Amino acid sequence: MPAVLRYLDVFVSDKDFVDRILIELHGDEPKPFVRYDRFEEVVVRLLESHEFDPDGPEVLLAAFRALDPECKGYIEADKLRALLGENGEPPMSDKELEAFLKVTLDKESGRVHYDDYVALVTSAR
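Because the structure is predicted, anything quoted here is derived from the model rather than measured.

With respect to the secondary-structure elements, V42 resides in helix α3 (residues 36–49). V42 gets classed as buried once you look at its relative accessible area, which sits at 1%. Through-space distance from the C-alpha of V42 to that of L25 is 6.9 Å; in sequence the pair is 17 residues apart. In this view, V42 contacts I21, E24 and L25; residues no more than four positions away in its chain are not counted.

Encoded structure:
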């Protein structure tokens, strides 16, 4: 369900999801499903609170620049694939990595020019 929340621009960590959101969704009686009306109520509250909004362009650029200590303006796709596939909360799946690289990868150079990517994803907001 955290993936569904991310699609709705609610970027909750797995820990916060388990410790806070899941409890709120189920209430006192954990069940194998969540009622839609309860899900909608919780998501609307999360969206209105802006507590789990996506990070802005400055934070995204800072994260990419931390991976680019030589300030080249790009990161090799193989390096990103290794980092994102092994780290994170949770690490990206192969399917997520391929979707990410489909959008970000410069096919000729095999690099991800992160300024372009950040501009692309933040312009849609």
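Right, let's talk about a nonpolar patch on the surface for a bit. A surface patch of nonpolar side chains, about 230 Å² in accessible area, is lined by M1, V4 and L8. Inspection of the secondary structure assignment puts M1 in the segment before α1 (2–7). Assessed through its relative accessible area of 37%, M1 is described here as partly exposed.

A few words on the pattern of salt bridges. Inspection of the entire model under this criterion finds 11 salt bridges. As a salt-bridge pair, D19 and K15 come within 2.6 Å of each other at their nearest N and O atoms. Within this pair, D19 and its partner K15 are both found in helix α2 (residues 14–26), separated by four residues, close to a single helical turn. Here D16 and R20 are joined by a salt bridge, their closest N and O atoms 3.9 Å apart. You can see D16 and its partner R20 sitting in helix α2, four residues apart, about one turn around the helix. One network of salt bridges, in which partners are shared, links D16, R20 and E51.

Each value, and the rule that gives it
Residues numbered from 1 in each chain as written. Predicted model: local features only at pLDDT ≥ 70, side-chain atom pairs only at ≥ 80, totals over all residues. Heavy atoms only, no water. Helix = DSSP H or I, 4+ residues; strand = E, 2+ residues; numbered from the N terminus. Buried < 20%, exposed > 50% of the residue type's maximum accessible area, 1.4 Å probe, protein only. Contact = heavy atoms within 4.5 Å. Patch = residues over 30% accessible without salt bridge, like charges linked within 9 Å, V, L, I, M, F, W, Y side chains within 5 Å. Areas by Shrake-Rupley, 256 points an atom, 1.4 Å probe, with all protein chains shown as cover. Salt bridge = Lys/Arg side-chain N within 4 Å of Asp/Glu carboxyl O.

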